[in-house]
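# Chains, contacts and geometry: an overview
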Amino acid sequence: MKTTVDALLSTVDFAGTLLFALEGAIAAIHGNLDFLGMVVLAFATAVGGGILRDLLIGATPPSAIRDWRYGAIALAGAATAFFFHQLVQEIPVMLMLTLDAAGLALFAISGAGKALEYGIHPAMAIVMGGITGVGGGTVRDVLLAQVPAVLRADVYATAALLGAAVLVIGLKLNLPRIAVGVAAASACFLLRMAAILFHWNLPKVSG
Amino acid sequence: MKTTVDALLSTVDFAGTLLFALEGAIAAIHGNLDFLGMVVLAFATAVGGGILRDLLIGATPPSAIRDWRYGAIALAGAATAFFFHQLVQEIPVMLMLTLDAAGLALFAISGAGKALEYGIHPAMAIVMGGITGVGGGTVRDVLLAQVPAVLRADVYATAALLGAAVLVIGLKLNLPRIAVGVAAASACFLLRMAAILFHWNLPKVSG
Amino acid sequence: MKTTVDALLSTVDFAGTLLFALEGAIAAIHGNLDFLGMVVLAFATAVGGGILRDLLIGATPPSAIRDWRYGAIALAGAATAFFFHQLVQEIPVMLMLTLDAAGLALFAISGAGKALEYGIHPAMAIVMGGITGVGGGTVRDVLLAQVPAVLRADVYATAALLGAAVLVIGLKLNLPRIAVGVAAASACFLLRMAAILFHWNLPKVSG
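Bear in mind the structure is a predicted one, so any value in this text is a computation, not a measurement. (Residues numbered from 1 in each chain as written. Chains lettered and ligands numbered in written order. Predicted model: local features only at pLDDT ≥ 70, side-chain atom pairs only at ≥ 80, totals over all residues. Heavy atoms only, no water.)

### Regarding the overall build of chain A
To keep things clear, this is the line we draw: Segments assigned H or I by DSSP are reported as helices when at least four residues long, segments assigned E as strands when at least two residues long, and all are numbered from the N terminus. The reference for a compact globule is 2.2 Å times residues^0.38; the radius of gyration itself is calculated from the C-alpha atoms. Burial classification: accessible surface area is computed with a 1.4 Å probe over protein chains only, and a residue below 20% of its type maximum counts as buried, one above 50% as exposed, and the rest as partly exposed.
A count of helical and extended segments in chain A gives 10 helices and 0 strands. Listing the helices and strands of chain A from first to last along the sequence gives α-α-α-α-α-α-α-α-α-α. Taken against the 2.2 N^0.38 rule, which gives 17 Å for 207 residues, the C-alpha radius of gyration of chain A at 17 Å falls within 12% of a compact globule. Put simply, chain A has 207 residues, and 57% of those count as buried.

### Quick notes on the interface of chain A and chain B
For an interface, size is often stated in terms of accessible area lost upon the parts coming together. Under the convention used in this document: Any two residues whose heavy atoms approach within 4.5 Å at even a single point are treated as in contact. Buried area: the accessible area, evaluated with a 1.4 Å probe, that two parts lose upon being put together, summed over both parts. The term salt bridge refers to a side-chain nitrogen of Lys or Arg lying within 4 Å of a carboxyl oxygen of Asp or Glu. Distance and chemistry together define a polar contact, namely a pair of N or O atoms within 3.5 Å, with one atom able to donate a hydrogen and the other to accept it when in protein, and with adjacent residues in sequence counting only for side-chain atoms on both sides. Gly counts as polar in this scheme, as do all residues outside two lists: the nonpolar Ala, Val, Leu, Ile, Met, Phe, Trp, Tyr, Cys and Pro, and the charged Asp, Glu, Lys and Arg.
Chain A puts 28 residues into the contact, and the matching count from chain B is 27 residues. Taking both sides of the interface into account, the surface hidden between chain A and chain B amounts to around 2,100 Å²; carbon and sulfur atoms contribute 75%. In this structure, the connection of chain A to chain B is made through 0 salt bridges. At the boundary of chain A with chain B, the tally comes to 3 residue pairs in polar contact (both at pLDDT 80 or more). Listing elements by their share of the side of chain A that touches chain B, those giving two or more residues are α2 (35-57), α7 (122-143), α8 (149-152) and α9 (157-172) of chain A. Broken down by element, the side of chain A that touches chain B gets its largest block of residues, 5 residues, from α7 of chain A. Its residues placed into classes, the side of chain A that touches chain B shows 19 nonpolar, 6 polar and 3 charged.

### Focus: the interface of chain A and chain C
Opposite the 27 residues of chain A that make contact, chain C presents 27 residues. The contact between chain A and chain C buries some 2,100 Å² in all, and 75% of this surface belongs to carbon and sulfur atoms. When the buried area of chain A at its contact with chain C is split by residue, Asp 34, Leu 36 and Ile 65 of chain A rank highest and sum to 28% of it. Taken together, the connections running from chain A to chain C amount to 0 salt bridges. Listed by contribution, the elements that provide at least two residues to the side of chain A that touches chain C are α2, α3 (63-66), α4 (68-83) and α7 of chain A.

### Comments concerning the nonpolar core
Convention followed: Definition of nonpolar core: a set of buried residues of the types Ala, Val, Leu, Ile, Met, Phe, Trp, Tyr and Cys, connected through side-chain atoms within 4.5 Å.
Core analysis: the largest hydrophobic core is formed by 219 residues, its most contacted members being Met 38 and Ile 51 of chain A, Met 38 and Ile 51 of chain B together with Met 38 and Ile 51 of chain C. Dropping the residues within four chain positions of it, Met 38 of chain B is found in contact with Val 205 of chain A together with Ala 25, Ala 28, Ile 29, Ala 78, Ala 81 and Phe 82 of chain B.

### Overview of the relation of the copies chain A and chain C
How we decide: We place the copies in one frame by least squares, fitting the C-alpha atoms of every residue whose pLDDT is at least 70 in both.
For the pair chain A and chain C, the best superposition has an RMSD of 0.0 Å and corresponds to a rotation of 120° with a translation of 0.0 Å parallel to the axis. Both chain copies can therefore be described as sitting about a three-fold axis. Across chain A, the smallest distance between a C-alpha and the rotation axis is recorded for Ala 145 of chain A, namely 3.3 Å. A different interface surface on each copy is seen, since only 11% of the contact residues of chain A are contact residues in chain C too.

### Considerations on the UniProt feature "transmembrane region" (unreviewed entry) in chain A
Residue and element names in this part refer to chain A. Quick note on the threshold: UniProt positions are given in the numbering used here, feature names are shortened, and annotations may be inferred rather than shown by experiment.
In the UniProt entry, the feature "transmembrane region" (unreviewed entry) is given for residues 7-29, 35-56, 68-85, 91-109, 116-135, 155-171 and 178-200. Counted over residues 35-56, helix gives 100% and strand 0%. Its end C-alpha atoms are 30 Å apart. Helix makes up 94% of residues 68-85 and strand 0%, and the two end C-alpha atoms of the span are 25 Å apart.

### Description of the relation of the copies chain A and chain B
With an RMSD of 0.0 Å, the fit of chain A onto chain B corresponds to turning through 120° and sliding 0.0 Å along the axis. Each copy contacts the other with its own distinct surface, as only 11% of the interface residues of chain A are interface residues in chain B too.

### Things to note about the packing of aromatic side chains
Our working rule: Aromatic pairing here means that ring centres of Phe, Tyr or Trp (its six-membered ring) are within 6.5 Å. Orientation follows from the plane angle: under 30 degrees is stacked, over 60 is edge-to-face, and everything else is tilted.
Scanning the model with the defined rule gives 15 aromatic pairs over all chains in all. Each ring, one from Phe 35 of chain C and one from Phe 82 of chain C, has its centre 5.1 Å from the other, and the planes form 70°; the classification is edge-to-face. Remark: Phe 82 of chain C occurs in helix α4 (residues 68-83) and Phe 35 of chain C occurs in helix α2 (residues 35-57); sequence separation between them is 47 residues. Assessed through its relative accessible area of 16%, Phe 82 of chain C is described here as buried. Three or more aromatic residues joined by ring pairs form one cluster here, namely Phe 35, Phe 82 and Phe 83 of chain A.

### Some remarks on the environment of Tyr 70 of chain B
If you trace the backbone, Tyr 70 of chain B turns up in helix α4 (residues 68-83). Distance from Tyr 70 of chain B to Val 47 of chain B, taken between C-alpha atoms, is 7.5 Å for residues 23 residues apart in sequence.

### Considerations on α2 of chain A
Residues and elements named next belong to chain A. For clarity, the threshold we go by: For a helix, the expected span equals 1.5 Å multiplied by the residue count minus one. The seven residues ending at a residue and the seven starting there each receive a fitted axis; the angle between those axes is the bend at that residue.
Compared with the 33 Å implied by 1.5 Å per residue over 23 residues, the 32 Å span of α2 between its first and last C-alpha is a close match. Its axis deflected by about 55° at Val 47, α2 carries its strongest bend there. For α2, the buried fraction is high: 20 of the 23 residues fall into the buried class. Where α2 begins, one side-chain oxygen reaches toward the backbone nitrogen of Leu 36, 3.1 Å away; that side chain belongs to Asp 34. Phi turns positive, to about 80°, at Gly 58, one or two residues after α2.

### Quick word on the pattern of salt bridges
With the rule as written, the count across this model stands at 12 salt bridges over all chains. The partner of Asp 67 of chain B in a salt bridge is Arg 69 of chain B, with the nearest N and O atoms 3.0 Å apart. For Asp 54 of chain C, the salt bridge goes to Arg 53 of chain C, with nearest N and O atoms at 3.0 Å. Judged on exposure class, the residue Asp 54 of chain C and its partner Arg 53 of chain C are both buried. Taken together, the shared-partner salt bridges in this structure form one network comprising Arg 53, Asp 54 and Lys 114 of chain A.

### Topic: the side chain of Asp 34 of chain C
Let me state the cut-off plainly: Working convention for charge: Lys and Arg count positive, Asp and Glu count negative, and His plus the chain ends are omitted.
Of note, Asp 34 of chain C is situated in the loop between α1 (2-30) and α2. One buried charged residue, Asp 34 of chain C, remains without a salt bridge, the closest side chain of opposite sign being Lys 204 of chain B at 6.7 Å. Polar contacts involving the side chain of Asp 34 of chain C include one to the main-chain amide nitrogen of Leu 36 of chain C, which spans 3.1 Å. Here the side chain of Asp 34 of chain C touches Gly 37 of chain C through a polar contact of 2.9 Å, landing on its backbone nitrogen.

### Focus on unusual backbone geometry
The linkage connecting Thr 60 of chain A with the following residue, Pro 61 of chain A, adopts the cis geometry, with an omega of -10°. The phi torsion at Asn 174 of chain B lies on the positive side, around 60°, for a residue other than glycine. A positive phi angle, near 55°, is found at His 199 of chain C, a position not held by glycine. In this fold, His 199 of chain C is placed in the segment after α10 (177-197).

### Digging into the UniProt feature "domain: Glycine transporter" (unreviewed entry) in chain A
Residues and elements named next belong to chain A. Look at the UniProt record and you will see "domain: Glycine transporter" (unreviewed entry) annotated at residues 12-85 and 98-169. The distance from the first to the last C-alpha atom of residues 12-85 is 24 Å, and the span holds 85% helix and 0% strand. Overall, residues 98-169 shows 82% helix and 0% strand. The separation of its end C-alpha atoms is 26 Å.

### Some remarks on the environment of Asp 141 of chain A
Residues and elements named next belong to chain A. Take Asp 141: it is sitting in helix α7. Residue Asp 141 is classed as buried on the basis of its relative accessible area, which comes to 5%. Counting along the chain gives 117 residues from Asp 141 to Gly 24, while the straight-line C-alpha distance between them is 9.4 Å. Each residue touching Asp 141, except ones within four places of it in the same chain, is listed here: Gln 146, Val 147, Pro 148 and Ala 149. Among the polar contacts made by the side chain of Asp 141, one reaches the side chain of Arg 140 at a distance of 3.1 Å.

Next comes the structure, spelled out in structure tokens:
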């Protein structure tokens, strides 16, 4: 049973990594980068958030460095985008956004959970969940010399923080782990999808 | 006595963090970021230098991750800038620059001192003081996709390095700690203020 | 004998660091930075890759922080570029490119070797070799608010990865260390020089 759940989680984690890698590789194509640039952006987008989190919570070497499979997945994502870029770019936008929301939920709650395991204060564990979810995209945008999209508009990091908060509070209240995980992932996913459907944005100070 | 001094230092440290957080949040407003972007830039500006220093000297997890109060202060700074941005922007420029110079002095000498405690070579401890002072602003500017102001103009990092150097040399000569700290902070603060008043800049190679 | 080889390696390492520091300082001049900016870019270009690698493989504090001589070399590189910038800029381009290719080879194989010593998986040790070779230039370009050149064009990181791969495979096959090192450095250097001479570029997806 344990093994089955672990294998399932691992598979889901690798699926999320592949998806984020694909998104990074596509951003590299739009930024006119070469194949190496695609691999780097695929890797940065897919595991940048997890690496940042691991450095910050003191879990070194980061799992994406210790486990070669993350690198292999990033390479596969870049190669897929390179050879099948027309197919990849024909994936309906709404499908990509939905998958991305699922990946965000997964990264946010796994990041917050790992921070708790490393004894980080619950409030900062929520922040670590947010960083795991959006750190990769932030590194990608910095490498493209752009202001990270996540800072400018849209309810994206907020959804990650909500999911992480639900997870941390649920675990601190000793509620059943699986129920908490499902509730946390759903909270993140649903807020993100609602923000997409209803064009929600965070408030700004009108300069 | 010890407790009083510690409490004083801690209060001053939190005051400096709040000030830098406010500056980060204001930069976010000018960069047209949303509320989440304001929180991220407040946090990055306020504790980015200390986090960089802690990662480089091997003090993990960095204190700004271990202690949730830094994150709370950054959030408070962003919220203040968000709700009272007109008031905040009416603070006289000279007052902000003076407070900022005081914050810079504080961060530079505390950063150099911590590096020495972790057994870093005195010359590199001075560099760590500089990084603690200006690292946060550098991360903020990178996130805004700008060349960090500190690299382009002005005597700013130089003041941080001077303060850190006075501290490290004083401590290595076994002079009294409090006198050394006051002298180091004054050196940084006075050089920075003189640079502002007399419009000092570092030399450049005219390309 | 051991001492002679070590002293030789150390000298070569410092020579490579000085060269990369010079290149960083020259980039700072072109970016209109002041003297402090030149020192920062010299340091970032020369040791940024090694620091990134050390943080990622868990070798903290990074050697460039533990050993003050790297900082001193970066300062010397910046000072040289500042005082003798006309002489430095008259160095023939081809000579600089050749020296740079040699520095790249050195950094890539030393980085991959160190990662192996720290128990990193061979595939990721190759990546660490690449990061050691090109990480400094990437940090420099990010600080200049530019898309890192290494991601956009040219066979540069690819040469670093090739050299690192030859080293890792050779060591894993238990071939003689010196022969493997020479073969790995030659592979990187020759691929890089061929790419320069024949204007090789990596393929891109035509957006």
